[in-house]
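# Breakdown of the fold
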There are 2 protein chains.
Amino acid sequence: MANSELDLIERIRKRVALPPGSGAILGIGDDCAIFRARGAAEDLLLTTDMLIEDVHFRATHRAQDVGWKALARGLSDIAAMGGEPRFCLVSLALAPWAGSRWVDGFYRGLLRLAARENAPLLGGDLAHSDKCMCDIVVVGTVPRGRALRRDGARAGNAIYVSGALGGSALGLARGRGNAWKRHLHPEPRIALGRFLRSELGATAAMDLSDGLSLDLRRLCLASGLSAQIWTPPVFPGATLEQAMHGGEDYELLFTLPARASVPLEFEGLPLARIGTMRRGRPGAVEYDGVPLAPLGYDHFRNV
Amino acid sequence: MANSELDLIERIRKRVALPPGSGAILGIGDDCAIFRARGAAEDLLLTTDMLIEDVHFRATHRAQDVGWKALARGLSDIAAMGGEPRFCLVSLALAPWAGSRWVDGFYRGLLRLAARENAPLLGGDLAHSDKCMCDIVVVGTVPRGRALRRDGARAGNAIYVSGALGGSALGLARGRGNAWKRHLHPEPRIALGRFLRSELGATAAMDLSDGLSLDLRRLCLASGLSAQIWTPPVFPGATLEQAMHGGEDYELLFTLPARASVPLEFEGLPLARIGTMRRGRPGAVEYDGVPLAPLGYDHFRNV
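Residues numbered from 1 in each chain as written. Chains lettered and ligands numbered in written order. Predicted model: local features only at pLDDT ≥ 70, side-chain atom pairs only at ≥ 80, totals over all residues. Heavy atoms only, no water.

All right, on to the packing of helix H2 (residues 63-80) of chain B against helix H3 (residues 100-116) of chain B then. Residue and element names in this part refer to chain B. Close contact between H2 and H3 brings their axes to 6 Å; oriented N to C, the two are set at 40 degrees. Considering their axes alone, H2 and H3 lie oblique with respect to each other. The crossing of H2 and H3 is right-handed. For the pair H2 and H3, the contacting residues are Ala63, Gln64, Val66, Gly67, Trp68, Leu71, Ala72 and Leu75 in the first and Trp102, Gly105, Phe106, Arg108, Gly109, Leu110, Arg112, Leu113, Ala114 and Arg116 in the second. Of the residues contributing to the contact of H2 with H3, the split by class is 11 nonpolar, four polar and three charged. (Axes fitted to C-alpha atoms, helices over the stretch in contact; angles between N-to-C directions. Helix = DSSP H or I, 4+ residues; strand = E, 2+ residues; numbered from the N terminus. Parallel < 35°, antiparallel > 145°, perpendicular 65-115°, else oblique. Left-handed = near helix turned anticlockwise from the far one by under 90°. Contact = heavy atoms within 4.5 Å. Nonpolar A, V, L, I, M, F, W, Y, C, P; charged D, E, K, R; others polar.)

Below, the structure written as structure tokens:
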């Protein structure tokens, strides 16, 4: 993993200094960056996410599903920090095959989710390219200093996930059924993220975009801890492998003081404890007592 | 121009409602979106800009020039609204040919400009793709309600540009010399933008990214006016055609009350009057009394 995404991000991060007094509260390495405007009662959360033809989707996908998913991924990052979405921007590069019908469908899907989540589209950029490529920017807010970060977990904290894992990976493999719908139409857990922040007192949170094994490793690294986990809830029909390493579930992974009282579900979405944060080699994850390799989706693993 | 970029943007814009009380002050159609956080003394400016291999740059360009230019384009949008850059985010999709040396060079160029302009890199996204593609997000601030917009020009206002036009187009054609340097290393006019807002009382401003003829048309459309212009300052060696229609000069185009006293230059950069805003068909531009076709760079003209 000499050239893994984590390494590359770390190399970039080391070169960036956050000037004190600039309003930059949190930089590279979490779901969102955090910025505080002068005098503001709320902090701003900002995230960007790319969706690329033949990497994240294909020309055969319905345009409105692509538009929906592009925004859902960004909204999920806002959810992961306990924020409220406020608006979005979209940069869209169009391939020659993507005519005005495709473009209309893309914006229809995106704007439907934007309207539902109160995240109006305020701008972006347009260009042509060989392949379609979309970069979404979502901006949210959170009360000053209250964002849920990856680096807040403490030794002894309980580890939880929402929902069931592996559904998106199963859907991608099958290309049909409920799992496929889930792959195409992920649901950003906005209300849950807000609940974790304001009611449950979560110490850390992130969204599961690249697979539990890799994402939990990232949370552990940020918090300087290791983790011991057992089998998470598995999406009906999915394999344990898909649940442990499959990407794009967009459920929330979060930590809480061990004594916290956690409901079994939130608005119909199950919340399940899957383990405990421990002192130990930062980033190490044990599953049923055996080291778990971070096999989740890494754009840079094989570079 | 049935499918031009302007038409497409207008079609998208019509579908987006800005919810009152959401903090969204200005949406699609200007250099930046404007957002006001609760209680904040300053407004946020946000802009995104894509830079795509074989559209905006080639694999033979130096990586650090590409990184510099990616950020410079976004900073220029902040300058156009009279803002101060505060931070940036970068989404980068890497082609197979772009190894770690290229990546390091890209970030070196970008971070050098980011450090100079106090716009630290706070985040972004990384992916692989067939071609390199970068989407930059720059966030700036401006005192509450004071952003320079495209829609503020009044009939009778004088029209000005900074610097000389056509240099970037000349450089692209020649591939060497001062004009080529200018094409590779555009200079965002941050200090000038701030001066226009706080000292000169400019009524409208925008940056010249797609050519004077097209960009002035956009300013006229936004302000509901027409314009009469004469020959603008031409970059040494460039043709009048390049000055009128060539893109990527990143100079500022701005309007002022006709009686405003404007210095001949600002920090060594010439400021020249090139015409007058008029009542008349919105968007119509006359050059020496003859209608000027908007021939500047439009990604969607020939779709």
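Bringing the relation of the copies chain B and chain A into the picture now. By a simple turn and slide, chain B fits onto chain A: the slide is 0.0 Å along the axis, the RMSD is 0.0 Å, and the turn is 180 degrees. These values place the two chain copies in the arrangement generated by a two-fold rotation axis. Closest to the rotation axis within chain B is the C-alpha of B:Ala40, separated from it by 2.0 Å. Both copies contact each other with a shared surface, as 100% of the interface residues of chain B are interface residues in chain A too. (Least-squares fit on C-alpha atoms with pLDDT ≥ 70 in both.)

We now examine the pattern of salt bridges. One pass over the structure, following the stated rule, counts 40 salt bridges over all chains. The closest approach of N and O atoms between B:Asp31 and B:Arg150, which form a salt bridge, is 3.1 Å. Separated by 119 residues along the polypeptide, B:Asp31 in the loop between strand E1 (24-26) and strand E2 (33-35) and B:Arg150 in the loop between strand E6 (133-143) and strand E7 (158-162) bring together distant segments of the chain. One salt-bridge network, held together by shared partners, links A:Asp49, A:Lys69, A:Arg73 and A:Glu248. (Salt bridge = Lys/Arg side-chain N within 4 Å of Asp/Glu carboxyl O.)

Take the interface of chain B and chain A next. Listed as interface residues are 67 residues of chain B and, on the opposing side, 68 residues of chain A. Area buried by chain B at its contact with chain A is led by B:Leu122, B:Leu126 and B:His128, which between them contribute 12% of it. Linking chain B with chain A are four salt bridges, by the criterion used here. B:Lys131 is the salt-bridge partner of A:Asp130, the closest N and O atoms lying 2.5 Å from each other. (Buried area = accessible area lost by both parts, 1.4 Å probe.)

Next up on the list: the side chain of B:Ser168. Residues and elements named next belong to chain B. Position of Ser168 among the secondary structure elements: in helix H4 (residues 167-174). A relative accessible area of 2% means that Ser168 is categorised as buried. Of the polar contacts made by the side chain of Ser168, one reaches the backbone oxygen of Glu248; its length is 3.3 Å. Setting aside residues up to four positions removed in sequence, Ser168 forms contacts with Arg182, His183, Gly247, Glu248 and Asp249. (Buried < 20%, exposed > 50% of the residue type's maximum accessible area, 1.4 Å probe, protein only. Polar contact = N/O pair within 3.5 Å; in protein donor to acceptor, adjacent residues only side chain to side chain.)

With that out of the way, let us pick up the sheet that holds strand E6 (residues 133-143) of chain A. By definition, the strands of a sheet pair up through backbone hydrogen bonds, in either a parallel or an antiparallel sense. Residues and elements named next belong to chain A. What the six strands build is an open sheet, ordered E1-E2-E3-E6-E4-E5; its pairing is mixed. The outermost strands of the open sheet, each flanked by one partner alone, are strand E1 (24-26) and strand E5 (121-128). Here the strands of the sheet are splayed against their neighbours by 20 degrees on average, with no regard to which way each runs. Of the pairings in the sheet, the one linking strand E4 (residues 84-94) to E6 comprises nine bridges and is antiparallel in character. Paired with Ala93 across the bridge in E6 is Met133. Sitting on the sheet, helix H2 (residues 63-80) touches strand E3 (42-52), E4 and E6, and the angle it makes with E3 is about 145 degrees. (Pairing = 2+ DSSP bridges.)

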